[in-house]
Amino acid sequence: LFPIQLTLKNPAGAADSAEALVGSPLLPPEQLQTRQNHVCILRAQAEQWAQAIAASSAYADKYNDRAVMVNVAKLYIRQKDWPSVIKWGERAVAGVPTPELDTLRIIAQAYIEQKDNDGIQRAYEMIVDHHPSNRYWTDLLSVVEMKNRTDPRYVLDIARLRVATGVAEIPGELIDLAEAALKIGLPGEANAVLQRANDAGQTGTGAVRTAVQATLATARTEAAADLRSLAAAEAESKKAPKGEPDLRTGEALASHGRLDQGIAAMQRGIAKGGLRAATEARLRLGLAFLAAGKQTEALTELDGAAAGAGLYAPVARLWGIHLRNQAAGTPATMSEEDAQAAAEAAADAAAEEAAAAVDEAE
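Rules behind the numbers
Residues numbered from 1 in each chain as written. Predicted model: local features only at pLDDT ≥ 70, side-chain atom pairs only at ≥ 80, totals over all residues. Heavy atoms only, no water. Salt bridge = Lys/Arg side-chain N within 4 Å of Asp/Glu carboxyl O. Helix = DSSP H or I, 4+ residues; strand = E, 2+ residues; numbered from the N terminus. Buried < 20%, exposed > 50% of the residue type's maximum accessible area, 1.4 Å probe, protein only. Axes fitted to C-alpha atoms, helices over the stretch in contact; angles between N-to-C directions. Parallel < 35°, antiparallel > 145°, perpendicular 65-115°, else oblique. Left-handed = near helix turned anticlockwise from the far one by under 90°. Contact = heavy atoms within 4.5 Å. Nonpolar A, V, L, I, M, F, W, Y, C, P; charged D, E, K, R; others polar. Expected span 1.5 Å × (residues − 1).

A.B. asks: Help me understand the pattern of salt bridges in this model?
C.D. replies: Between side chains of opposite charge, a pair can form when the charged atoms approach closely. Across all of its chains, the model carries 23 salt bridges by this definition. Linking arginine 43 and aspartate 16 is a salt bridge whose minimum nitrogen-to-oxygen distance equals 2.8 Å. With a gap of 27 residues between them, arginine 43 in helix H3 (residues 32-45) and aspartate 16 in helix H2 (residues 11-22) connect regions that are remote in the sequence. For aspartate 16, a relative accessible area of 43% gives the class partly exposed. The partner of glutamate 251 in a salt bridge is arginine 248, with the nearest N and O atoms 3.1 Å apart. With glutamate 251 and arginine 248 both in helix H14 (residues 244-255) and three residues apart, the pair spans about one turn of that helix. When sorted by exposure, glutamate 251 lands in the same class as arginine 248, which is buried. Residues joined in a network through salt bridges with shared partners are Arg153, Asp157, Arg160, Glu189, Glu244, Arg248, Glu251, Arg276, Glu280 and Arg284.

A.B. asks: Would you mind going over the packing of helix H12 (residues 187-199) against helix H13 (residues 206-239) with me for this structure?
C.D. replies: Relative orientation and spacing of two packed helices are given, respectively, by the angle between their axes and the distance between those axes. Relative to each other, H12 and H13 sit at 140 degrees, their axes nearing to 8 Å. Between H12 and H13, the angle falls in the class oblique. Seen along the crossing, H12 lies across H13 with a hand that is left-handed. On the side of H12, the interface is formed by Pro187, Gly188, Ala190, Asn191, Leu194, Gln195 and Asn198, while H13 contributes Arg209, Val212, Gln213, Thr215, Leu216, Ala219, Arg220, Glu222, Ala223 and Asp226. Tallied by class, residues from the contact of H12 with H13 come to seven nonpolar, six polar and four charged.

A.B. asks: Where do I start with the packing of helix H4 (residues 49-63) against helix H5 (residues 66-79) in this structure?
C.D. replies: Where H4 contacts H5, the two axes come as close as 9 Å, and the packing angle between them is 155 degrees. With respect to each other, H4 and H5 are oriented roughly antiparallel. Along this stretch, H4 crosses H5, giving a crossing that reads as left-handed. Between H4, through Trp49, Ala52, Ile53, Ser56, Ser57, Tyr59 and Ala60, and H5, the contact on the second element is made entirely by Val68, Met69, Val72, Leu75, Tyr76, Arg78 and Gln79.

A.B. asks: Would you explain H4 in this entry?
C.D. replies: Structural remark: α-helix, 3.6 residues per turn; residues separated by three or four positions point the same way. Its 15 residues place the ends of H4 21 Å apart at the C-alpha level, agreeing with the 21 Å of an ideal helix rising 1.5 Å per residue. Listing the buried residues of H4 in full gives Ala52, Ile53, Ala55, Ser56, Ser57, Tyr59 and Ala60. Contacts from the buried residues of H4 go to H3, H5 and helix H6 (82-93). Positive backbone phi, approximately 50 degrees, marks asparagine 64, located one or two places after H4.

Written out as structure tokens, the structure reads:
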């Protein structure tokens, strides 16, 4: 009956026949897995969702089939059972060196439906880790940004990441970055950022250009004054019993391009201890190493910060993802169209595989 039901385009009847075959002692053992897979496919084609979920989840458990795990997640989408979507989606990608974009998107959407910001962040981190694009970096940084809009250092960190990953709107967000740097006492960074934009002709036109030039003038004046005071500040920080003054002096030195001095001061401060936030300290040191072109040392510090606790651990983790993508030659900013095309290609491949299985049965 099974081939006849297929010929008659009766997937429900074909699924019943396939299940009967599975339970028959006459079925050769080497055909068992294939027939069980046919049941999964045909129950879905017949839109018998509960039966499709039962058959597919049992098959995925028995054979540890990741493609079928993804299908189970998709079946649960129809039920709007978001915890089950996440469970099966995450099982499908666990331990996979390069998870498929389509599956990661499913996981992210399920977390969005649950309004679980931590879950959304984890899902988007996996996406940008393996499939970086403007769209997903923008989504991820928007979620991370919402965690704290009042800490000026954190606001500056997000602005830095937006510029580094290529999703910032230029020159508007460069002004935001410079103003955030000025606010926490890093006029050297504000001056350097806007001066590079000015030299590259990235200051816009009209009112925007006027705003850039005004902020640059302020940054230039404050940077000059800050630079004059740094020698005394460095001498005082060396005498301090705790490391916070060294850390902040080192950060200021690095912002003026005095990277070797800045790194040495930060390392001294970390060695002393007594820091306000050890995770943040390693992040700052990692970014100084990065500015100095020392990628290996930068990743060591960033990974150490990422393994820590608190507000800055996710920031360090994102820097690590970005740097590893660059080191691997992965484009930092795949277009949204390319990302969508990749997802659709993965979905098409899965559909073709299912169709081929049914054709084989016929």
